Each structure stands twice: as structure tokens, then as C-alpha cells.
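Okay, here's what each chain looks like letter by letter:
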Amino acid sequence: MQRACSNGELGHVSDMAIVDTFTKLIFGEDDAYSAKELLIIKALRAVDANVALDSHRDMGEYLRALGVREMIQMVARVQQQMVEDLLAVKGSAAALVEGANYEAMNRRAH
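This text gives an overview of the structure that appears in the document.

## Concerning the packing of helix α1 (residues 15–26) against helix α3 (residues 56–64)
At a minimum axis distance of 7 Å, the contact between α1 and α3 shows a crossing angle of 110°. Classed by the angle they form, the pair α1 and α3 counts as roughly perpendicular. When you trace α1 past α3, the crossing you get is left-handed. When α1 is examined against α3, the residues F22, L25 and I26 are found in contact with a partner set consisting of H56, M59, G60, L63 and R64.

See below:
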């Protein structure tokens, strides 16, 4: 059985975690989203302009109307978006650390 976060180093979210979140949206479980589920919803908004501004209920209706093949493709796109988002955050953090190190090295000693 695959875990929801199978690779903490890369922040990989499993297909099952994404499908579970989509299922919550489809069945209207609107008030009980974890931080991870909210990140999945954010990634869904980023990969599909049709739901970018939708409420959770409207997103669920949209997902319900997808065919099996479309749903499989959507899961893969959301998963890829989450990896890209994580890499962007890691890149920004590395740039901040590098900038701080540069500043520290260039300070004059008294």
C-alpha cells in the first residue's frame, strides 16, 4: 500500500492522496481539508483554468463530470505541479540562504 507522502525528500504526493482529495471535493466534504489537501487543491487550480476561481463545491462538480481517462490525466498533472511548486520553493530558499551568506561574508569586521 502506497503512503500519502511516499518521498519526503522530494515532497512527492501519491496518486492516492490526490484521488482522496478529489473524492472529498466530489462528495462535498467542504470543511475538513488538511494542509496537504489544501496544497493539492491549490495545485488543481494551477493546472486547470476551469476551476481556478471555483468554490470547492464547484470544483467537485467539475471533477465529477470528468471521464476516467481525464481524471487519470488530472491526477498526473496535479502531481507534477506539486513537484514543480516544491522545487520553486526550494530554489527560492536556496537563493535566500546564498544571499544571506554573501552579505555575511562581505560585512566589515570591527
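## Structural notes on the environment of L86
Position of L86 relative to the elements: it lies in helix α4 (residues 68–105). Placed 74 residues apart in sequence, L86 and H12 show a C-alpha to C-alpha distance of 9.1 Å.

Quick notes on the rules
- Residues numbered from 1 in each chain as written.
- Predicted model: local features only at pLDDT ≥ 70, side-chain atom pairs only at ≥ 80, totals over all residues.
- Heavy atoms only, no water.
- Axes fitted to C-alpha atoms, helices over the stretch in contact; angles between N-to-C directions.
- Helix = DSSP H or I, 4+ residues; strand = E, 2+ residues; numbered from the N terminus.
- Parallel < 35°, antiparallel > 145°, perpendicular 65-115°, else oblique.
- Left-handed = near helix turned anticlockwise from the far one by under 90°.
- Contact = heavy atoms within 4.5 Å.

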